[in-house]
Amino acid sequence: MKLTKILSEVSGTVNQIDKYGNVRTDIPAEALTKEGFEVGDIVLIKANNHLIQAPFVTTYGDVDRGKPLIRISDNYLTLAINYGNFGQTYGLEIGDLVTIQLIKKGAYKSELEIRHLVKTNNRQDYESDEVFANFREVTVGKIEKGKLYRSSHPSIDDPRSPYASQLMEKAGIKTVINLSDSQEELLNNLPYSDYYRSIYEKGNLIALNMGVDPMSEDFANKLREGLLFMVEKEPPYLIHCVEGKDRAGITVALLEAVMDASVEEIYKDYVKSYENYFHVKPGTPSYDAIEKIIADLFKEINNGKPVDDSNIKQVAIRYLTEKVGLTQEQIAQLQEKLK
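The model shown is predicted, which means the values in this text are computed figures rather than measured ones.

Caption draft 1: Highlighting a negative patch on the surface. A cluster of acidic residues, E264, E265, D308 and D309, forms a negative patch at the surface. Along the chain, E265 turns up in helix α10 (residues 263–278).

Caption draft 2: Inspection of the packing of helix α8 (residues 217–232) against helix α9 (residues 247–258) at higher detail. Interaxial distance between α8 and α9 falls to 12 Å at its minimum, and their mutual angle equals 60 degrees. Considering the angle they form, α8 stands oblique to α9. Judged by the sense of rotation from one axis to the other, the crossing of α8 with α9 is right-handed. Seen from α8, the contacting residues are F219, L223, L227 and M230; seen from α9, they are I250, T251, L254 and L255. A per-class count over the contact of α8 with α9 returns seven nonpolar, one polar and no charged.

Caption draft 3: Quick peek at helix α7 (residues 194–201). Every buried residue belonging to α7 is among Y195, Y196 and I199, and all of these are buried. An end-on view of α7 places all buried positions within 105 degrees of arc, on one side of the element. Structural note: α7 exposes D194 and E201 on the side pointing more than 90 degrees away from its buried face. In the stretch just after α7, G203 is the one whose phi turns positive, near 80 degrees.

Caption draft 4: Looking closely at the pattern of salt bridges. With the rule as written, the count across this model stands at 24 salt bridges. For the salt bridge of K105 with E38, the shortest nitrogen-to-oxygen distance reads 3.1 Å. Placement of the pair is K105 in the loop between β7 (97–104) and α3 (109–115) and E38 in the loop between α1 (29–34) and β3 (42–47), with a sequence separation of 67 residues. Residue classification places K105 among the partly exposed positions, given a relative accessible area of 43%.

Caption draft 5: Representation of the environment of V242. Checked against the element boundaries, V242 lands in the loop between β12 (237–240) and α9. Sequence-wise, V242 and L179 are 63 residues apart; in three dimensions their C-alpha atoms are separated by 8.2 Å. Setting aside anything within four residues of it in sequence, one finds V242 in contact with S152, H153, I156, S180, R247 and Y277.

Caption draft 6: Molecular detail of the sheet that holds strand β2 (residues 23–28). Strand order in the open sheet formed by seven strands is β4-β3-β7-β1-β2-β6-β5, and the pairing between neighbours is antiparallel. Whereas interior strands pair on both sides, the edge strands pair on one side only; in this sheet they are β4 (50–55) and β5 (68–73). Neighbour-to-neighbour, the strand axes of this sheet turn through a mean angle of 35 degrees, independent of strand direction. One ladder, built from three bridges, connects strand β1 (residues 8–17) with β2; its direction is antiparallel. Bridged to I17 within β2 is V23.

Caption draft 7: A look at the sheet that holds strand β8 (residues 136–137). Here we have five strands laid out as an open sheet, ordered β8-β9-β12-β10-β11, and mixed in their pairing. Every interior strand has two partners, whereas the edge strands, β8 and β11 (205–207), have only one. As paired strands, strand β10 (residues 175–178) and β12 are joined by four bridges and run parallel to one another. Bridge pairing in β12 links N178 to H240.

Caption draft 8: Molecular detail of the packing of aromatic side chains. Per the counting criterion, the structure on display carries seven aromatic pairs. On the numbers, 4.7 Å between centres and 50 degrees between planes, the contact of F86 with Y90 is tilted. The exposure classification of F86 matches that of Y90, with both residues buried. Ring plane angle 90 degrees and centroid distance 5.3 Å describe the contact between F132 and Y163, whose orientation is recorded as edge-to-face. With F132 in helix α4 (residues 129–133) and Y163 in helix α5 (residues 161–171), this residue pair connects regions lying 31 residues apart in the sequence. Residue classification places F132 among the buried positions, given a relative accessible area of 1%. Of the aromatic side chains, those joined through ring pairs into one cluster are Y270, Y274, Y277 and F278. For the cation-ring pair, R71 lies above Y60, with the distance from its terminal atom to the ring centre recorded as 4.6 Å.

Caption draft 9: Broad picture of the layout of surface pockets. Quantified by volume, the largest pocket comes out at close to 930 Å³. Along the walls of the largest pocket sit 34 residues, with T59, Y60, E243, K245 and D246 positioned nearest its centre. For the lining of the largest pocket, the secondary structure elements donating two or more residues are α6 (183–189), α10 and α11 (285–301). Of the residues forming the lining of the largest pocket, the biggest block, four residues, is contributed by α11. Among the residues forming the lining of the largest pocket, the class breakdown is 13 nonpolar, ten polar and eleven charged. Here the second largest pocket is characterised by a volume of approximately 190 Å³. In this structure, the second largest pocket is lined by D125, Y126, E127, V131, K272, E275, N276, H279, V280, K281 and P282. With three residues, α10 is the single largest residue contributor to the lining of the second largest pocket. Looking at the lining of the second largest pocket residue by residue, the classes come out as four nonpolar, two polar and five charged.

The rules we used
Residues numbered from 1 in each chain as written. Predicted model: local features only at pLDDT ≥ 70, side-chain atom pairs only at ≥ 80, totals over all residues. Heavy atoms only, no water. Patch = residues over 30% accessible without salt bridge, like charges linked within 9 Å, V, L, I, M, F, W, Y side chains within 5 Å. Areas by Shrake-Rupley, 256 points an atom, 1.4 Å probe, with all protein chains shown as cover. Salt bridge = Lys/Arg side-chain N within 4 Å of Asp/Glu carboxyl O. Lys, Arg positive; Asp, Glu negative; His and termini not counted. Charge placed at Lys NZ, Arg CZ, Asp CG, Glu CD. Helix = DSSP H or I, 4+ residues; strand = E, 2+ residues; numbered from the N terminus. Axes fitted to C-alpha atoms, helices over the stretch in contact; angles between N-to-C directions. Parallel < 35°, antiparallel > 145°, perpendicular 65-115°, else oblique. Left-handed = near helix turned anticlockwise from the far one by under 90°. Contact = heavy atoms within 4.5 Å. Nonpolar A, V, L, I, M, F, W, Y, C, P; charged D, E, K, R; others polar. Buried < 20%, exposed > 50% of the residue type's maximum accessible area, 1.4 Å probe, protein only. Arc of directions from axis to C-beta. Pairing = 2+ DSSP bridges. Phe/Tyr/Trp six-rings, centres within 6.5 Å; stacked < 30°, edge-to-face > 60°. Lys NZ or Arg CZ within 6 Å of the ring centre and 35° of its normal. 1 Å grid on protein atoms, 1.4 Å probe; cavity = no way out; pocket = protein on both sides within 12 Å on 5 of 7 lines; lining within 4 Å. Points joined across faces, edges and corners; volume = space filled by probe spheres on them.

Put into structure tokens, the structure is as follows:
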């Protein structure tokens, strides 16, 4: 058995697990610096009898979906899975011991160069209000014009929010599926947009407080609630989370699939959010890495098998029936709303 050389080590305990399953430890950033840990290193996480190899990165998108990572959050070491639930996956609880061992110095730096994406909060750095707010109409497959829109959050304390609010009002949005907010967060955010608040006051806005792991029961149950809300209400619909690219990206991709969109259309729309935020260009390694996120998602819900135009609709419908719990009739009603 090949032994891994341990270059350095820090230990601490779990002191917080957020609603997405990200695990914050009591290991401060300066402890990692003191022991020679740097972004781009590969580490071994020892937690609850698990040994997990992961890179030290700056953000969740620095790894493929479903892969573990460590990062600094609020000046403390955090353990996470991109589009997953670290705490649940490894059965961690508050107070559990965590040890981080440095095993490969700088081994992930070249991958970070490809993935490291930069956005700004300055409107002048983007070509249009729509690009800045990541706001767009979705008309792929059999989705008719004027039915479905996606966006960043139109009603929070954020530079993009006023633009998203103006654009949703211009589009005449009638129903909003808010994937990110809890009810408390929603009520705190309502003052930032009069139009958004008016939709809520009419009973046409639902806040789902979803995580980002489509294979979790929490995600599936809340997605079911949101899609049934769409069936009950009238278009135009707006689907958003905070940035409108992750939870909104997954949800919209599933709707596009059941509405006969091609794999190319679905993947292109998913990556469009990254083009909008980070100016990612087709044909670049960054573009390919992001496209792989949505490709891997459909592969995961298809029991590890890739999808293509011949089966992506069936894969999405099977996920919505078997995992999410919709009936064929409810899916048909949803399709009718989007035609």
